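# Reading the structure
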Amino acid sequence: MKLSLLHQAWRNLRAKPLQTALSLALLGFGVGMVSLMLLTEKQVNDAFERNIKDIDLVLGAKGSPLQLILANVYHIDAPTGNINQRAAEKVLKHPYIDSGIPLAYGDNHEGYRIVGTEHSYVAHYGATLAEGQLWEAPYEVTAGARVAENLGLKIGDTFFSAHGLKDQTDIHTNKTFTVVGILEPSGSVVDQLLLTPMESIWYVHMEDGEVMDPEAREITAMLLKKRNPLAVLTIPNTLRDTNMQVALPAIEVNRMTQQFGLGTSALRAIAMLIMALSFASIFISVLDNIRARRHELALMRTMGGTPGTLYRLLLLEGGLLSVAGTALGLVLSRVGMTVLSQVVEAQFHYDVAAMGVLGSEWALAGAAILVGLLASAIPARRSLRLDISRTLSEA
Amino acid sequence: MVQVQGVQFQYGEEGPRMTFPDFSCQPGDRMLLLGQSGTGKTTLLHLLCGMLKAQAGTLNVAGQELRTASDRELDTWRGQALGVVFQRAHFVQSLTIQENLALPHQLTQGRVPAEVLDRMDSMLDRLGIAHRAEARPHELSMGEQQRASIARALLHKPQVVFADEPTSALDDHNASAVMDILDREAAEATLVVVTHDQRLKDRYPHCVTLNPTQA
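Residues numbered from 1 in each chain as written. Chains lettered and ligands numbered in written order. Predicted model: local features only at pLDDT ≥ 70, side-chain atom pairs only at ≥ 80, totals over all residues. Heavy atoms only, no water.

## Points about the state of the cysteines
Residues and elements named next belong to chain B.
- Applying the stated criterion to the full structure yields zero disulfides over all chains.
- No disulfide involves Cys 25; its sulfur sits 12 Å from the nearest other cysteine sulfur, which is in Cys 207.
- For Cys 25, a relative accessible area of 1% translates into the label buried.
- On the accessibility criterion, Cys 207 (29% relative accessible area) is partly exposed. (Disulfide = S-S within 2.5 Å. Buried < 20%, exposed > 50% of the residue type's maximum accessible area, 1.4 Å probe, protein only.)

So, in structure tokens, the structure goes:
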């Protein structure tokens, strides 16, 4: 027969389903919200960190520096405009600049960006070929792992590009792109891009027989790596009289996450409030149990139960609520993360569905269980002072 | 087995001082503590169970000197040596009748031996409530609850059984049936019945009447 204190505590909680469910729901939602924020922050920060990777400056058209970064480093915003390729190459030759990777884009296939660039872009993110080869000739495409998987692309497949970054209405049916290679997953932005020579982007927008003036060629941006730290101060001055600007990914992302942080602080405060309410609920639940079950507790004393036994029983009830509520919270945050990742995947093609338990979540769970135990330990002390005779006489 | 001598008790500083008559009984004895309301029956019962501490006198039950024992010693002693049938049957409502009956063993020994479960089955059978073993206390009638309460008080084979007003709410027929059950099931123990029920005064030769002037 199972009659341990843990078993008795479990049975006592089951005997009051509504009160137990309320305490569990409150703690579950509180822990779940904090946990979801921790997971989201971690995923977003990781994605930002991974894709910044040695990009010190981004050269592009004047406009919002943050937009320039989001569009050209993370590919989650529209570009600020185009810049002249020759003018960009002059910046690349500046003694303070080490190297650069040009990007040209403006078309998509099924919502995935077709980006004209050089092989150094793939090398920069450490991506390797899963099959086929890197693009060589115009209209040859090497697909990122996620695009290939989601669109079911294989070597030899062909498709038309559509004008714009998401729109599917204006399709360039006169130019056919052919898949010549597919990349292994790299965990970087290239996973969600269709990579092709710069010429593909230029030619697809030209009429048949039209000849492009090399001086008029445009690109969207150039990802720059500095040779000298002074580049950060010097390069902006050299661009003062042009339509170009340079933005610093680290600074822009930091600024954005600080603004993002204001919102998450407010959400975290709400989650903490819910958690505080849940601890109050556990406190009241244990206190109410002592009042409602005082005759039972006195009876247990007449059957050999010590004050310590009763205290441990009440503590276990609070502990079970805390552990179950915390576990529920962690499960809820995973459900929330699954929903969120589907939205992010559909909107930005980023994978944020990692479900491992973070170190900060273990700390959160430990703290929640500890405070829950404390919330039950305080009222449970009343059981130590229970007057058996008076309690049984009141019955 | 039970020895009460010169026992005095007072609730708080201001309460009246109660003086209880001396009496004693041997192992296997049956005795009645008879008294009307206000004569201190419940107080004496709680003193005998170690739930209250007397200010003076000697109280020895089942080998335990109650005035000098520590609270921890009394907790263990109550679970092992005493069986108490309360006037109103109290149970742990979240547990089944079977689990309630096994609770004293769990609380004092940390486990419920298999032979106790066998003994429980046969005792519930004899008391006619074997079919209610898995039921919750609130699902039982008052009569079934009282029989279950008797089973719980006796299952761990206590040396002394105290029964507090076991017949107060029963008609003659049921009062007699309950007392027969108590006599039969507590055959090996010392049985002390605390009651105001005059129907029981001739049941046992050993009867101590509590005097209101003493309380």
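This is not the end of the story, as more comes after the structure.
## Some points on the interface of chain B and chain A
- Of the residues lining the interface, 29 residues belong to chain B; the matching set on chain A comes to 26 residues.
- Note on chain B versus chain A: buried area summed over both sides is about 2500 Å², and carbon and sulfur give 65% of it.
- Contact with chain A buries area across many residues of chain B, yet Asp75(B), His90(B) and Leu107(B) alone supply 23% of it, more than any other trio.
- At the boundary of chain B and chain A, one finds two salt bridges.
- Notably, a salt bridge pairs Arg11(A) with Glu99(B), separated by 2.8 Å at the nearest N-O pair.
- For the pair chain B and chain A, the number of links is seven residue pairs in polar contact (both at pLDDT 80 or more).
- Elements that contribute at least two residues to the side of chain B that touches chain A include exactly α1 (41-48), α2 (71-81) and α3 (97-109) of chain B.
- No other element matches α3(B), which puts eight residues into the side of chain B that touches chain A.
- Grouping the amino acids of the side of chain B that touches chain A by side-chain chemistry returns 12 nonpolar, 10 polar and seven charged. (Contact = heavy atoms within 4.5 Å. Buried area = accessible area lost by both parts, 1.4 Å probe. Salt bridge = Lys/Arg side-chain N within 4 Å of Asp/Glu carboxyl O. Polar contact = N/O pair within 3.5 Å; in protein donor to acceptor, adjacent residues only side chain to side chain. Helix = DSSP H or I, 4+ residues; strand = E, 2+ residues; numbered from the N terminus. Nonpolar A, V, L, I, M, F, W, Y, C, P; charged D, E, K, R; others polar.)

## What to know about the packing of helix α5 (residues 142-154) of chain B against helix α6 (residues 172-185) of chain B
All names here are of chain B.
- Two elements in contact, α5 and α6, have axes whose closest approach is 11 Å; the angle formed by their N-to-C orientations is 15 degrees. It follows from the interaxial angle that α5 and α6 lie roughly parallel. The chirality of how α5 crosses α6 is right-handed. Facing α5, whose interface residues are Gln 146, Arg 147, Ile 150 and Leu 154, α6 presents Val 178, Ile 181, Leu 182 and Glu 185. (Axes fitted to C-alpha atoms, helices over the stretch in contact; angles between N-to-C directions. Parallel < 35°, antiparallel > 145°, perpendicular 65-115°, else oblique. Left-handed = near helix turned anticlockwise from the far one by under 90°.)

## Thoughts on the environment of Ile97(B)
Residues and elements named next belong to chain B.
- Residue placement: Ile 97 occurs in helix α3.
- The class of Ile 97 is buried, set by a relative accessible area of 0%.
- A sequence separation of 104 residues divides Ile 97 from Lys 201, and the C-alpha atoms of the two residues are 32 Å apart.

## Considering the packing of aromatic side chains
Residues and elements named next belong to chain A.
- Per the stated rule, a full pass over the model turns up four aromatic pairs over all chains.
- Judged by centre distance (5.5 Å) and plane angle (80 degrees), the ring pair of Tyr 139 and Phe 177 falls under edge-to-face. With a gap of 38 residues between them, Tyr 139 in the loop between β5 (129-132) and β6 (140-143) and Phe 177 in strand β8 (residues 171-183) connect regions that are remote in the sequence.
- Judged by relative accessible area, which is 17%, Tyr 139 ranks as buried.
- By relative accessible area, Phe 177 is classed as buried at 1%. (Phe/Tyr/Trp six-rings, centres within 6.5 Å; stacked < 30°, edge-to-face > 60°.)

## What about the sheet that holds strand β4 (residues 30-34) of chain B?
Residue and element names in this part refer to chain B.
- Taken in spatial order, the five strands make up an open sheet running β7-β8-β9-β4-β10, and their pairing is parallel. Two strands close off the open sheet at either side, each with one partner strand: β7 (82-85) and β10 (207-209). Averaged over all pairs of adjacent strands, the angle between their axes in this sheet comes to 15 degrees, without regard to strand direction.
- Pairing of β4 with strand β9 (residues 190-195) involves five bridges; the strand directions are parallel. Counted as the bridge partner of Leu 32 is Val 193 from β9.
- Running over the sheet, α5 touches β7 and β8 (160-164) and is turned about 170 degrees from β7. (Pairing = 2+ DSSP bridges.)

## Focus on α6(B)
Residues and elements named next belong to chain B.
- Here α6 is 14 residues long and its end C-alpha atoms lie 20 Å apart, about the 20 Å a rise of 1.5 Å per residue gives.
- Restricting attention to buried positions, one finds in α6 the residues Ala 175, Val 178, Met 179, Ile 181, Leu 182 and Glu 185. Considered in projection along α6, the buried side chains sweep an arc of 155 degrees and stay on one side of the axis. Within α6, the exposed residues directed more than 90 degrees away from the buried face are Asp 172 and His 173.
- Buried-residue contacts for α6 involve β4, β7, α4 (114-126), α5, β8 and β9. (Expected span 1.5 Å × (residues − 1). Arc of directions from axis to C-beta.)

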